[in-house]
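Breakdown of the fold
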Amino acid sequence: MKVASEGDATFVFEKSVEMDNEPTNFEEPKEKLIPQDKGEELTSDKKTRGLVRGTYRFTADSLKKKVRLSEFISEKVITGVAFLTITIIVLIFLFVFRETLPLFRQHSQKVTTTAQVQEQYGSDEGAGRNAGNQEVYGITKDSITSADNSRETIEPGNNEGRVIFPDKATFKGLWGKEWMPVSDKPRYGLMPLILGTFKISILAILFAAPLAILAALFSAAFSPKWLREIIKPAIELLAGFPSVVIGFFALMVMASVFQNFFGYSTRLNAFVGGIAMALAAIPIIFTMTEDVMTAVPESYKEASLALGASKWQTAFYVTLPAATPGIFAAILLGIGRIFGETMIALMATGNAALISMNPFESVRTLSATIGAEMAEVVFGDTHYSVLFLIGSLLFIFTFALNAFAEFYVKGKMVARFQGRIA
Amino acid sequence: MKKWTNKLTGGIMVGTTALSVVIIIAIIVVMFVVIIIGGKEQISWKFLTSFPEDGMTKGGIFPAIFGTALMVLLMSVAAVPFGTITAIYLTEYAHENSFLSKCIRFAVKTLAMVPSIIFGLFGLGFFIKFVGDGMDHAFLGGHLKWGQPNILWASLTMALLTLPVVIVSVEEAIHTVPGSLREASLALGATKWQTIRKVVLPGARSGILTGTILAVSRGAGEVAPILFTGAAYYLATLPHSVSDQFMSLGYHIYIMSTQSTNVDQTLPIQFATTLVLLMLTFILNFTAVIIRARLRRTPK
Amino acid sequence: MKEAKIKIRNVSFYYGTKLALNTVSLDIYANQVTAFIGPSGCGKSTFLRTLNRMNDLIPNVKITGEIIIDDVNIYDRQIDVVNLRKKIGMVFQKSNPFAKSIYENVAYGPKINGIHNKKVLEEIVETSLKRAAIWDEVKDRLHDSALGLSGGQQQRLCIARTLAVNPEIILMDEPASALDPISTSKIEELIFQLKELYTIIIVTHNMQQAARVSEMTAFFYIGELIEYGKTKKIFTNPEKKQTEDYITGRFG
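Residues numbered from 1 in each chain as written. Chains lettered and ligands numbered in written order. Predicted model: local features only at pLDDT ≥ 70, side-chain atom pairs only at ≥ 80, totals over all residues. Heavy atoms only, no water.

Details of the overall build of chain A
In plain terms, the rule: Strands here mean DSSP runs of E at least two residues long; helices mean DSSP runs of H or I at least four residues long; both are numbered from the N terminus. Only protein chains enter the accessibility calculation, which uses a 1.4 Å probe. A residue is then buried if its area is under 20% of the maximum for its type, exposed if over 50%, and partly exposed in between. Throughout, a contact is declared for two residues whenever any of their heavy atoms are within 4.5 Å. Areas reported as accessible are Shrake-Rupley estimates using a 1.4 Å probe. Residue values count occlusion only from the protein chains shown.
On a plain count of helices and strands, chain A comes out with 20 helices and four strands. For chain A, the residues scored as buried account for 49% of the 422 residues in total. Intrachain contacts of chain A at a sequence separation of at least 6 include 70% that bridge at least 24 residues. Summed over its atoms, the accessible surface of chain A is roughly 19,800 Å², and 63% of this surface lies on carbon and sulfur atoms.

A few points about the overall build of chain B
A count of helices and strands for chain B gives eleven helices and two strands. Element order for chain B, N to C, with α for helix and β for strand: α-α-β-β-α-α-α-α-α-α-α-α-α. Counting all 300 residues of chain B, 56% fall into the buried class. Within chain B, residue pairs in contact and separated by at least 24 positions form 73% of the contacts whose partners lie at least 6 positions apart. When the accessible area of chain B is evaluated, it comes to approximately 12,300 Å², of which 68% is carbon and sulfur surface.

Section: the sheet that holds strand S2 (residues 18-28) of chain C
Residue and element names in this part refer to chain C. For clarity, the cut-off: Being paired, for any two strands, means DSSP has found at least two bridges between them.
The strand order across the open sheet built from four strands is S2-S1-S4-S5, with neighbouring strands paired in antiparallel fashion. Here the strands that pair on one side only, and so sit at the sheet edges, are S2 and strand S5 (72-73). Direction of pairing for strand S1 (residues 6-15) relative to strand S4 (residues 61-69): antiparallel, over a ladder of eight bridges. Bridged to isoleucine 8 within S4 is isoleucine 67.

With respect to helix H13 (residues 243-262) of chain A
Residue and element names in this part refer to chain A. To keep it simple, the criterion reads: In this analysis, the expected span of each helix is defined as 1.5 Å times one less than the number of residues it contains. What the bend at a residue measures is the angle between two axes, fitted to the seven residues ending there and to the seven starting there.
Between its first and last C-alpha, H13 extends only 25 Å over 20 residues, short of the 28 Å set by a 1.5 Å rise per residue. Along its length, H13 shows its largest kink, about 40°, at alanine 250. Among the 20 residues that make up H13, 14 are buried, leaving the element largely enclosed by the rest of the structure. A positive phi of about 70° marks glycine 263, the residue just after H13.

Observations regarding the pattern of salt bridges
Any two side chains of opposite charge can pair if their charged atoms end up close together. Where we set the bar: We count a salt bridge whenever a side-chain nitrogen from Lys or Arg sits within 4 Å of a carboxyl oxygen from Asp or Glu.
Taken as a whole and assessed by the stated rule, the structure comprises 29 salt bridges over all chains. A salt bridge links glutamate 99 of chain A to lysine 129 of chain B, with the nearest nitrogen and oxygen atoms 3.5 Å apart. With glutamate 99 of chain A in the loop between helix H4 (69-98) and helix H5 (101-111) and lysine 129 of chain B in helix H5 (residues 116-139), the pair connects residues from two separate chains. The pair formed by glutamate 99 of chain A and lysine 129 of chain B is uniform in burial state, with each residue classed as buried. For aspartate 70 of chain C, the salt bridge is made with lysine 5 of chain C, and the minimal N-O distance between the two is 2.9 Å. Of this pair, aspartate 70 of chain C sits in the loop between S4 and S5 while lysine 5 of chain C sits in the segment before S1, and the two are 65 residues apart along the sequence. Linked through salt bridges whose partners overlap, the residues forming this network are Arg228, Lys232, Glu236, Glu290 and Asp291 of chain A.

Some details on the interface of chain C and chain B
Short version of the rule: A 1.4 Å probe defines the accessible area here, and the buried area is the portion of it lost by two parts on being joined, summed over both. As used in this structure description, the phrase polar contact means that two N or O atoms lie within 3.5 Å; if the pair is within protein, one of them must be able to donate a hydrogen and the other to accept it, and residues adjacent in sequence are counted only when both atoms belong to side chains. Following the grouping adopted for this structure description, the nonpolar residues are Ala, Val, Leu, Ile, Met, Phe, Trp, Tyr, Cys and Pro, the charged ones are Asp, Glu, Lys and Arg, and the polar ones are all others, Gly among them.
The interface is formed by 19 residues belonging to chain C together with 15 residues belonging to chain B. Note on chain C versus chain B: buried area summed over both sides is about 1,600 Å², and carbon and sulfur give 66% of it. The interface formed by chain C and chain B holds one salt bridge in total. For arginine 49 of chain C, the salt bridge goes to glutamate 183 of chain B, with nearest N and O atoms at 2.4 Å. Applying the counting rule to chain C against chain B returns five residue pairs in polar contact (both at pLDDT 80 or more). Taken together, the elements giving at least two residues each to the side of chain C that touches chain B come down to helix H2 (81-87), strand S6 (88-91), helix H3 (102-112) and helix H6 (151-163) of chain C. Per element, the largest residue contribution to the side of chain C that touches chain B is three residues, and it comes from H2 of chain C. Among the residues making up the side of chain C that touches chain B, the classes are represented as eleven nonpolar, three polar and five charged.

A short note on the pairing of strand S3 (residues 33-37) of chain C
All names here are of chain C. Counting buried residues in S3 gives five out of five residues, a clear majority hidden from the surface. In S3, alternate side chains face the same way, and those of Val33, Ala35 and Ile37 on one face and Thr34 and Phe36 on the other are all buried. The pairing of S3 with strand S8 (residues 199-203) spans four bridges and is parallel. Across the sheet, the residue bridging to valine 33 is isoleucine 200, located in S8.

Some remarks on the sheet that holds S8 of chain C
Residue and element names in this part refer to chain C. The condition is simple: The axes used here are C-alpha line fits, helices contributing only the stretch in contact, and every angle between their N-to-C directions lies in the interval 0 to 180 degrees.
The strand order S6-S7-S8-S3-S9-S10 describes an open sheet built from six strands, whose pairing is mixed. The sheet terminates laterally at S6 and strand S10 (224-230), the two strands that pair on one side only. For this sheet, the mean inter-axis angle between neighbouring strands, taken without regard to orientation, is 15°. Alignment of strand S9 (residues 216-221) against S10, held across six bridges, turns out to be antiparallel. For phenylalanine 220, the partnering residue across the bridge sits in S10 and is leucine 225. Against the sheet, H6 contacts S6 and strand S7 (169-173), and its axis sits at roughly 170° relative to S6.

Structural notes on helix H4 (residues 118-131) of chain C
Between its first and last C-alpha atoms H4 of chain C spans 20 Å; for 14 residues at 1.5 Å apiece the expected length is 20 Å, and the two agree. Two or three places before lysine 119 of chain C, at the start of H4 of chain C, stands the capping residue asparagine 117 of chain C, its side-chain oxygen 2.9 Å from that residue's backbone nitrogen.

Details of a nonpolar patch on the surface
Worth spelling out the cut-off: Each patch groups residues whose relative accessible area exceeds 30% and which form no salt bridge, using 9 Å between like charges and 5 Å between nonpolar side chains of Val, Leu, Ile, Met, Phe, Trp and Tyr.
Among the surface-exposed residues, Leu69, Phe72, Ile73 and Val77 of chain A lie close enough to one another that they form a single nonpolar patch of about 390 Å² accessible area. Assignment of secondary structure puts valine 77 of chain A in helix H4.

Description of the interface of chain B and chain A
Listed by partner, the interface residues are 82 residues for chain B and 85 residues for chain A. Both sides of the chain B and chain A interface together cover about 7,300 Å² of buried area, and 83% of this is carbon and sulfur. Ranking the residues of chain B by area buried against chain A places Met31, Phe106 and Met113 of chain B at the top, with a combined share of 10%. The interface formed by chain B and chain A contains one salt bridge. One can count five residue pairs in polar contact (both at pLDDT 80 or more) joining chain B with chain A. Top element by residues in the side of chain B that touches chain A is helix H1 (residues 2-40) of chain B. It accounts for 20 residues.

And the structure:
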């Protein structure tokens, strides 16, 4: 029996026996419930159990594709925001690199009439900009020497000043052996900084890598589960130490203790800084090594144990080699961390730009140079651009390191495990 | 005989690895103990709530605590929603192997690896010189207001640094929301976005909280990004607006221990400030570890 | 016999290149219980999930053929999947209540449909819980967490949650497989009552259950529909050898 009834068409919830005595509650919201069902063809069957049931039919109309604005917008916004992470990386690259551009532009400036260039520079919006900039430097009054230098060069008409501008860092100069940015004749030789950074990185990694890898081996292969659950978070606690705290500890405590012990003359040196940086790198290397070691397929270890090898033989001859690419990646990440570490370098290395093989001499790293000098330079100055150039180098280096660790090592790891299992 | 040497080698090898663990943990303990001993005399309610005095040789560190708190607050406001949305994209919208999602994952990893000083350079080059200067020229006719270091730029710079921390935590938490709940919601006729909003996000709440705590802990401890984007050596007043500079605990430690005129005299203050910062990050990390452990233990 | 509610015509389904369902055709009638039986991995669950297009959520799947409900091909490009799923409810193998209160679980569906009037919601929650035969057990603790209920209660709550959206068709994917015998019999009784109002399709590996609750039974084996007919006939006098073997427990 089919009875069409307009009233029931919009009825979402049928009356059941229990509700028949309070119909008002149901009358009121009818229209609002599911509006798209309105006007649908309806058949209602009265069933024996006292339930009234309206049977809707599926119609193409009621199931027609709907444009849901909120759905559309949310998806686009979410995708857009996620895309921003890529944008940030690109922007970091662009803006860090952009500030180094004046270094590359200097030659072309010499070719055009310098006066014209500088007049433009001084006359239009540049004026307000310069004025503004000077104020900014107000906060760092101790950099007057370099500020004076650059102001001279901006003055219109000061052609000669521009051409024989002593502040110029040619690319040849960047390879120089002296880093003396604030002097009558500034020299921007990056060599001592680069060598210093390498020196300290090697020292730090020589200390951090064996310690972290052996500790990870203990945690992954030898320790019982309960101990592992203490060791892992405990060592990862070290990752939570702010680098300024490690730097402070190195500066105030380690430096004195080591000096008393080894009896060298320079209190703050590459050795102290290297050990302190190792503390920052240990948790990174440990965590990642531990993870790859636990990821070594159980079947390898079982095969080895089944052949009669002892637990330690399995660990050293099976687990460790199988995890090699991962350990390699972990060391790379550790190096990345050490390379970029600023606060420890600033506080514990002595910051003297020397070229020396002696680990007990002071060093100055690339990142520490930026940290120490950026607050005291003039915007747009050569010194400023060179610091950004150092930043670009650091960025490119860590980016390459990361890309290498990500694609090469991971690919090798996957190939190794899958290749052997298959 | 051979068995005997074999056992000895094994003992030595296992012993070496165990020793490494002991050394690392000993270093951590020594650092803790030394900093606690050095700083505990100086710590008092007054130290935490008063301003530095006499050229920072006496008094407290209240402005540094306040500045750090304000900075991490602003940072969280920027980093947490941004990171959460990115995590939602990676888990709910992106196809695991699509080029875009691979790029985003790589970007997040790179962001986590970029040296903190680079963020400082970026903050200077982008926020202060590009955005700030641009704003001054566009709205204030070149009057200098935004084109200089301030707490807003420092916080945004720090937000970029802590973004990967948030993304990784939230992603991990979203993965713990069972697929069967998503199916239940979708089978009831909920749209994707409704499902995310009403089922996935509530399920990932603790992960968002963990991410925020870890980000705050990281942000509170980092100094390099704020060296030239907003941290100040000394300020007589608290920051009034987001265009003011601020004092921060980490920067305070750095300045006091390297630039102070009388390092020995202020040593107790330095230790105490370090102790405050260490305790702050330690407590935050510890809380995050506990929340995370609980999250992993209760399968929903 | 009246006209079929759901007409399935030559439906094949692929996971990637793997064929999971091979040209299945059958008619399903309104206000009846139709059971899909077969050994695990035979494609019965996959088939069930094609009916409300839940398989759309899995990447790299392909479906061919037609599924027509009341003259509407639900795989038509013009069809809105979200609205379709509102009309075809689904109960899953493992009870999956949201980590919310009992009330919020049932009110979830109406709320996403834009019903926010408290009184209406309360009516819907009450009616749905009554229909799912769980009202008496939970009426005093509607605002407690749904996760505190027993397994059987959770499953009935999930049924109530499905009913609250007022679907036409209810798909049940082994709804009692994880439950004890008492809870199972409660669910079966419930299914028996619900078919007065809804068209119910149930996947089960429990043949007694299929025999008890369903009018029609379809037997699947390795992606093929082997036999489909009145439950009584399938269980007493199957036409195909494979069906007989399965029913008598010779394999599966």
